[in-house]
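Observations on the model geometry
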Amino acid sequence: MLELRNVSKSYRNQQILTDISLEIREREMVSIMGKSGAGKSTLLAVMAGLVRPDSGQVFFGGSNISDLDEEKLAAFRLQHIGFIFQDFKLLPSLTVHDNIMLGIYPRRDIPSAEKEKRIRDFAGHVGLTVKLAEKVDNLSGGEKQRVAIARSLVNRPGLVLADEPTGNLDSSTAQDIMALFRKLHETLDTTFLIITHDLDIASFTQKTFTLKDGGLTP
Ligand SMILES: Nc1ncnc2c1ncn2[C@@H]1O[C@H](COP(=O)(O)OP(=O)(O)O)[C@@H](O)[C@H]1O
Ligand SMILES: [Mg+2]
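This report concerns the structure included in the present document. (Residues numbered from 1 in each chain as written. Chains lettered and ligands numbered in written order. Predicted model: local features only at pLDDT ≥ 70, side-chain atom pairs only at ≥ 80, totals over all residues. Heavy atoms only, no water.)

1. Overview of the environment of A74
How we decide: Secondary structure is summarised from DSSP: a helix means a run of H or I of at least four residues, a strand means a run of E of at least two, and numbering begins at the N terminus for each. Residue exposure (1.4 Å probe, protein chains only): buried if accessible area is under 20% of the type maximum, exposed if over 50%, otherwise partly exposed.
Position of A74 relative to the elements: it lies in helix α2 (residues 70–80). A relative accessible area of 37% places A74 in the partly exposed class.

Below is the structure:
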């Protein structure tokens, strides 16, 4: 579903990604490990078409997204990719419901009754039905990440990219979040790519790659 072919990227004279080729199949759950500064976030940004590689191509579902202009790339991301971040990137003064809504509100083709149903469904998937009316400010870190996970999924993207999703959580909450990813992966037709620097976290996924010195190894 996602394929990188001979992707390289440098910033100024610093080579970050060197001739990386990688294929992620439909419905896989994959992790990418690597130390801080190894280039994990850059690799994820290249996969999402947020950063253009200096050379090489990115294919999504068989089409080369490296050829798309900015407008088409934005439309592609909106339809196909969900994002999850270490710092949640929620709007804390809004409710759980309204934060999940952020993942689906730009879709004019979906009627609002269907949007409401999806918000309730995905709040249920992450165990937050009873907190739908709660302000995000009042939630624990683990609950905040659950909201962000529901927001990333409510638009039913084929691919979810999570950049250190457990980085701000204590280790027991981190394990709960990874168990949730595993359950969602079993339930939904979604491909998950999870970036982490923690081997315990990576062990929840089916396949792990390590990014080091610009190269990716299984
Ligand atoms: N937009 C940018 N401009 C210049 N250098 C960058 C930029 N983004 C990342 N870098 C550099 O690229 C390297 C890899 O960064 P990053 O991909 O964030 O690594 P990781 O996510 O593994 O910690 C770092 O040295 C970082 O400073
Ligand atoms: Mg990073």
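2. Here's the deal with the environment of G215
Condition: Note on definitions: a residue-residue contact is assigned when non-hydrogen atoms from the two residues lie within 4.5 Å.
If you trace the backbone, G215 turns up in strand β10 (residues 215–217). When its relative accessible area of 22% is taken as the criterion, G215 is described as partly exposed. Sequence separation of G215 and R107 is 108 residues, and the distance between their C-alpha atoms is 37 Å. When residues no more than four places from it in sequence are discounted, the contact partners of G215 are I20 and T210.

3. Let's talk about the sheet that holds strand β7 (residues 159–163)
For clarity, the threshold we go by: Between any two strands, pairing holds if DSSP finds at least two bridges. For every element, the axis is a line fit to its C-alpha atoms; helices are fit only across the contacting stretch, and the angle between N-to-C directions ranges from 0 to 180 degrees.
One open sheet holds the 6 strands; their spatial order is β6-β7-β8-β3-β9-β10, and the pairing between them is mixed. Edge positions in the sheet fall to β6 (81–85) and β10, since each has one partner strand and no second. Averaged over all adjacent pairs, the angle separating strand axes in this sheet is 20 degrees, with direction ignored. Summarising the sheet, strand β3 (residues 29–33) and strand β8 (residues 191–196) pair through 5 bridges and their orientation is parallel. Paired with V30 across the bridge in β8 is L193. Along the sheet, helix α1 (residues 40–47) contacts β3, β6, β7, β8, β9 (207–212) and β10; its crossing angle with β8, the most-contacted strand, is approximately 155 degrees. Against the sheet, helix α5 (residues 141–153) makes contact with β6, β7 and β8, and its axis sits at roughly 165 degrees relative to β6, the strand it touches most.

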